[in-house]
Amino acid sequence: MTRATRGASLLALALLGCADPKGEADDVCTAERQPDGVDPDAWTVGVQLPYTDGAVHIEARWADVETPARPVALFLHGSWDPLGTPVAATTLRPELTSGIVSLHLDFPGNGRTDGRNDRRGTGSRAAVAAALAWAAGSLADLGGCTLAERVPGADPDGIYVIGTSNGGNLAFASLADPTVTTPVAGLVVWETPSAPQFTNVELGVDPTVYAAESCGLAVEAGIVCDIPTDQLFAGTLDDEPVVCFDVTGDAACGEGDVNVKGVRDLQTNEVFLSPILAAAAEARGILPGDFASSAAAIEWWAERDASRLAPALVAARPDLPSLLLASEIDHVQSLADHPHVFGLGEALQTAGAAWTRLNPGTAWLPTTRAENAPNARLKLDDPRGSLLPEEAEAPASTLFAAAVT
């Protein structure tokens, strides 16, 4: 029964003088919920949302706990993979017994959400927009129900966007997009690689070519870090073209070097390096044939680079609180002074963000060792601020509940 049909049926009952069967309206929207397969004493429901390219698959998860209102956390998962559901034991998610409703969606191109995989581009932002509108009650799913009708108590005024890893770049892009208009109560990003050099791991992990405090921030370019261009070579690794920093000194790309494959746009088939690395490879005449030019890279990353998107985000949502989650040992990056964290904080504060904070305080997360005051200065060239001890992320569900509540 669609929402319109249900409304007509209830009107007919009223005109006939019949009482509405107890709970009929609620039962229609709650009947599809299922016991959650990961968290005990929790429920999940999967629905399809209409959007520009067809339908978006999204799942809502919540626990049966007494609470006057349930904050809603829309999780945007990391990597480039469009698959965000079903939720597994290893999925980053909040502790549901805190009263939170968590939302997880699939991005275009995975078979459950219509459209083509655009590597977190326009179509992905449209999917996020649909999820936010559904959570706010301004969009019904294809079953005719809003989130609050599916999950009684879900708060349409308490919506938080949580971007984990590369999902943080999409969170910035979505909330900066002028077509995404749903009000949001807060933004949380977890260990986001906030510029292309970090997203592509172009500075390496072990080994690395990163020099501490070698990154700078500019409004138009975002965060850019120095690279040793004299070590730059091109080659093939695992049958794929790469550019590399020849750490081993053998004038080739291979084991022991910092090898960069870039990210391939599945619609154009071009491979994108960061603009600075693409420009350096062009200058040396070694940019592989199917790799995009530095000019194209500047344009492509413009909608996928949180450090460049910070000014647009603040302009679009000047009062939005932003919380950065970061631990002492990043899940990917090995850069000792964490430029992807402090640089993103600096980008927000330089843009005039009303409220920023690095990590929850001890009142929300007792396992943290120190308190970072709200709006404490975050700077690339002076990376002060307490990062979370690793035990504060065990389990991560406690951390994400603390970030929202």
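Just so it is clear, the structure is predicted and the values come from calculations on it, not from any experiment.

Student: Give me the overall build of the chain: which residues, what numbers.
Tutor: In terms of regular secondary structure, the chain is built from 11 helices and 16 strands. The C-alpha atoms of the chain give a radius of gyration of 23 Å, which matches the 22 Å a tight globule of 405 residues would have. Its C-alpha atoms put the chain at 85 × 45 × 40 Å along the principal axes. Burial status across the chain gives 52% buried among its 405 residues. Long-range pairs, those at least 24 residues apart, make up 66% of the contacts in the chain with a sequence separation of at least 6. Accessible surface, the chain: about 16,500 Å² in total, of which carbon and sulfur atoms supply 54%. Taking the 24 positively charged and 54 negatively charged side chains of the chain as two groups, their mean positions are separated by 5 Å.

Student: Mind laying out the state of the cysteines, listing which residues take part and the relevant values?
Tutor: Under the definition given, this model contains 3 disulfides. Put simply, Cys-29 and Cys-145 are joined by a disulfide, and their sulfur atoms are 2.1 Å apart. Disulfide Cys-29-Cys-145: torsion about the S-S bond near -85 degrees, hence left-handed. Of this pair, Cys-29 sits in helix α2 (residues 24–30) while Cys-145 is found in the loop between α3 (122–136) and α4 (147–150), placing the two residues 116 residues apart along the sequence.

Student: Quick rundown of the nonpolar core? Include the residues and the values.
Tutor: One finds Leu-103, Leu-147 and Phe-172 to be the most contacted residues of the largest nonpolar core, which totals 56 residues. Among the elements that line this core, the one with the most residues is α3, at 9 residues. Not counting residues within four places of it along the chain, the set of residues in contact with Leu-103 comprises Ile-58, Glu-59, Ala-60, Val-72, Ala-73, Leu-74, Phe-75, Trp-134, Ala-135 and Leu-147. One finds Val-209, Val-243, Leu-277 and Ala-281 within the second-largest nonpolar core, a separate group that totals 23 residues.

Student: How would you summarise the side chain of Arg-308 if you had to cite specific residues and measurements?
Tutor: Counting through the fold element by element, Arg-308 comes out in helix α9 (residues 306–316). Non-local contacts of Arg-308, meaning those with residues more than four positions away in its chain, are made with Val-219, Glu-220, Ala-221, Gly-222, Ile-298, Trp-301 and Ala-302.

Student: Describe the packing of helix α5 (residues 167–176) against α9, and please don't skip the residues or the numbers.
Tutor: In contact at an axis separation of 8 Å, α5 and α9 are set at 35 degrees when each is read in the N-to-C sense. Relative to α9, α5 is oriented so that their crossing is left-handed. Between α5 and α9, the residues in contact are Asn-169, Phe-172, Ala-173, Leu-175 and Ala-176 and Ala-306, Leu-309, Ala-310, Ala-312, Leu-313 and Ala-316, respectively. Broken down by class, the residue content of the contact of α5 with α9 amounts to 10 nonpolar, 1 polar and no charged.

Student: How would you explain helix α8 (residues 294–301) if you had to name every residue and give the values?
Tutor: What α8 keeps buried is the set Ser-294, Ala-297, Trp-300 and Trp-301. Projected down its long axis, α8 carries its buried residues within an arc of 115 degrees, all on one side. Turned more than 90 degrees away from the buried face of α8 sit Ala-295 and Glu-299, all of them exposed.

Student: Help me get a handle on the pattern of salt bridges, residues and values and all.
Tutor: Summed over all chains, the structure comprises 18 salt bridges. Residue Asp-106 is joined to Arg-112 by a salt bridge in which the shortest nitrogen-to-oxygen separation is 3.0 Å. According to the relative accessible area criterion, Asp-106 is buried, its value standing at 0%. Asp-382 serves as the salt-bridge partner of Arg-377, at 2.5 Å between the closest nitrogen and oxygen. What emerges from the salt-bridge pattern is a single network uniting Asp-36, Asp-39, Arg-61 and Arg-93.

Student: How would you sum up the sheet that holds strand β2 (residues 42–51)? Please name residues and give values.
Tutor: Strand order in the open sheet formed by 9 strands is β1-β2-β3-β5-β4-β6-β7-β15-β16, with mixed pairing between adjacent strands. Every other strand in the sheet has two partners, leaving β1 (34–35) and β16 (355–358) as the edge strands with one partner each. Here strand β4 (residues 70–76) runs beside strand β5 (residues 101–105); their pairing, made up of 4 bridges, is parallel. Paired with Phe-75 across the strands is His-104, a residue of β5. Its contacts with the sheet place α3 against β2, β3 (54–63), β4, β5 and β6 (154–164), and it is angled at close to 120 degrees to β2.

Student: Provide a residue-level description of the sheet that holds strand β11 (residues 240–245), including the pertinent values.
Tutor: The antiparallel open sheet is built from 3 strands, whose spatial order is β10-β11-β12. A single partner strand is all that each edge strand has here, and the edge strands are β10 (232–237) and β12 (258–260). Along the sheet, successive strands turn relative to each other by an average axial angle of 35 degrees, direction set aside. Of the strands in this sheet, β10, β11 and β12 touch helix α7 (residues 275–284), which is tilted by about 100 degrees from β10.

Student: Hey, could you go over α5 for me, with residue numbers and the actual values?
Tutor: Counting buried positions along α5 yields 10 of 10 residues, so the element is predominantly enclosed. If you check which residues of α5 are buried, you get Gly-167, Gly-168, Asn-169, Leu-170, Ala-171, Phe-172, Ala-173, Ser-174, Leu-175 and Ala-176.

Student: Break down the pairing of β2 for me, with residues and values.
Tutor: Pairing geometry for β1 and β2, over 2 bridges, is antiparallel. When the sheet's bridge partners are listed, Pro-35 is paired in β2 with Trp-43. Connecting the antiparallel pair β1 and β2 is a turn made up of 6 residues, with Asp-41 showing a positive phi of about 60 degrees. As paired strands, β2 and β3 are joined by 10 bridges and run antiparallel to one another. In the sheet register, Tyr-51 faces β3, and the bridge partner there is Gly-54. Taking the residues that link successive antiparallel strands as the turn, the β2-β3 hairpin has 2 residues.

Scoring rules and cut-offs
Residues numbered from 1 in each chain as written. Predicted model: local features only at pLDDT ≥ 70, side-chain atom pairs only at ≥ 80, totals over all residues. Heavy atoms only, no water. Helix = DSSP H or I, 4+ residues; strand = E, 2+ residues; numbered from the N terminus. Rg over C-alpha atoms; globule rule 2.2 N^0.38 Å. Buried < 20%, exposed > 50% of the residue type's maximum accessible area, 1.4 Å probe, protein only. Contact = heavy atoms within 4.5 Å. Areas by Shrake-Rupley, 256 points an atom, 1.4 Å probe, with all protein chains shown as cover. Lys, Arg positive; Asp, Glu negative; His and termini not counted. Charge placed at Lys NZ, Arg CZ, Asp CG, Glu CD. Disulfide = S-S within 2.5 Å. Core = buried A, V, L, I, M, F, W, Y, C linked by side-chain atoms within 4.5 Å. Axes fitted to C-alpha atoms, helices over the stretch in contact; angles between N-to-C directions. Left-handed = near helix turned anticlockwise from the far one by under 90°. Nonpolar A, V, L, I, M, F, W, Y, C, P; charged D, E, K, R; others polar. Arc of directions from axis to C-beta. Salt bridge = Lys/Arg side-chain N within 4 Å of Asp/Glu carboxyl O. Pairing = 2+ DSSP bridges.

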